[in-house]
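Chain and residue survey
These are the residues of each chain, in order.
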Amino acid sequence: DRCALNLTGPDLRLEEVGRGDWVTPTRAHNSARRIDARIRVLIDEVKPLKHWTPVHVHLGASDMTGRVAVLEGSEIVPGASAFVQLVLDHPIGAWHGDGLILRDQSARRTIGGGSVIDVFPPLRGRARPARLAYLKAMDNPDHGAALEALLAVTPLGVDLEKFRLARNLTSDEAEALWAAAPMTHLRTGEGAFGFSAEHWQNICEDIKRSLADWHRRRPDSRGATAHNLRSIITLKLRVDVLGAVLPRIATTGIIAFDGARARLAAHAPKLQEADDKLWLRVEPVLAQAGPRSLSVTELAEEIGDDAKRLGDLLVRVARLGMVTQISKNRFFT
């Protein structure tokens, strides 16, 4: 079928509309300069398709020049297929499942063809085993089967919004898919992530271990922020994803929050041994001062210790609620 669109608007110019352009809703993904695809080289080609070969890419009504980055090995022999990344000279409209044809640099000979797999390839690591496993899962034409396979091979979770956009799903289609999928589903600002049961359990255990280690090394701390945690957990979740993961885990009672800091629910902050010994000397003097209190300098002179060391201690003691700081250098019991 074919149709005509009469495009109008005060700022629309003829030269802005070209062959191969798409008309899309504003929320749809509509252009990419890097496309991961599966390509089969024609069996009657006389030589393999080598890595970084310049080509013409024909997709829909578009004809775009670019290069082929072979992701499995360094070449594709005639008759064989493999994952590639097409690095294009200009953006092109593409969605999962779109068919494409490759022709040589002069556009005189057809080399092979294939289909689009993903239009959100990472900037680095395009040929790593984890990425190839992702592409293998994404290659499935069935949306539900592809999502389930992706959940199994992505320890850090599946970006569900990118999945929806890459596969050109409506919001209703996507929500039905999320509801049917065997996963833990989290909202992250405007996006969403999904985790398999196994990977979700691994994340929970990783966070529990990391918080236990944080408490062991900093017993006087109220807990760790999301940025603190991300620096010590094994599974390097994005900060926004970790920020959504922590409240979900908190609903199970495993962790709790003290302001923006997460802690194991059973953890009660306490002074470290050296601080505790110093506090045993400070506390009776501070208590004896009563309403008059003592400045940090006066207190240091009274017990014969360093004022800065004492001030740092009192700040930590204040965080535990054992004293109240009323000015920069004065504390009350």
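Note that the structure is a prediction, hence the values are computed from the model and not measured. (Residues numbered from 1 in each chain as written. Predicted model: local features only at pLDDT ≥ 70, side-chain atom pairs only at ≥ 80, totals over all residues. Heavy atoms only, no water.)

1. Overview of the sheet that holds strand β6 (residues 81-92)
With antiparallel pairing, 6 strands are arranged side by side around a closed barrel as β1-β6-β4-β3-β7-β8. Pairs of neighbouring strands in the sheet enclose a mean axial angle of 40°, with direction left out of account. Judged from the 6 bridges that link them, strand β1 (residues 32-41) and strand β8 (residues 110-118) form a sheet pairing that is antiparallel. Of the residues in β8, the one forming a bridge with Ile39 is Gly114. Docked against the sheet, helix α1 (residues 129-138) engages β1, β6 and β8, running at close to 90° with respect to β8. (Pairing = 2+ DSSP bridges. Helix = DSSP H or I, 4+ residues; strand = E, 2+ residues; numbered from the N terminus. Axes fitted to C-alpha atoms, helices over the stretch in contact; angles between N-to-C directions. Contact = heavy atoms within 4.5 Å.)

2. Some thoughts on the packing of aromatic side chains
Following the criterion strictly, the structure yields 4 aromatic pairs and no others. With 5.6 Å between their ring centres and 55° between their planes, Phe195 and Trp200 make a pair best called tilted. Both residues of the pair, Phe195 and Trp200, belong to the buried class. Chaining the aromatic ring pairs together yields one cluster made of Phe193, Phe195 and Trp200. Directly above the ring of Phe83 sits Arg38, whose terminal nitrogen or CZ lies 4.3 Å from the centroid. Note that Arg218 overlies the ring of Trp214, its terminal NZ or CZ placed 3.8 Å from the centroid. (Phe/Tyr/Trp six-rings, centres within 6.5 Å; stacked < 30°, edge-to-face > 60°. Buried < 20%, exposed > 50% of the residue type's maximum accessible area, 1.4 Å probe, protein only. Lys NZ or Arg CZ within 6 Å of the ring centre and 35° of its normal.)

3. Focus on the sheet that holds strand β9 (residues 158-159)
Here 3 strands make up an open sheet; going across it, the order is β9-β11-β10 and the pairing antiparallel. At either end of the open sheet lies a strand with only one pairing partner, and these are β9 and β10 (184-188). Where β9 meets strand β11 (residues 191-195), 2 bridges bridge the pair, whose relative direction is antiparallel. Bridge pairing links Asp159 to Phe193 in β11.

4. Some details on the nonpolar core
Leu86, Leu102, Leu147 and Phe163 are the most contacted members of the largest nonpolar core, which has 46 residues in total. Take this core: its biggest share by element is 6 residues, from β6. If you look at the next biggest cluster of nonpolar residues, it comprises 23 residues, including Phe195, Trp200, Cys204 and Leu242. (Core = buried A, V, L, I, M, F, W, Y, C linked by side-chain atoms within 4.5 Å.)

5. A look at the pairing of β10
A one-sided burial pattern is seen for β10, the buried positions being Thr184, Leu186 and Thr188 and the unburied ones His185 and Arg187. Two strands pair when backbone bridges link them, and β10 and β11 are joined in this way by 5 bridges, in the antiparallel orientation. Within the sheet, the bridge partner assigned to Thr188 lies in β11 and is Gly191. Following β10, the chain reverses through 2 residues before pairing antiparallel with β11; Gly189 in that reversal takes a positive phi of roughly 65°.

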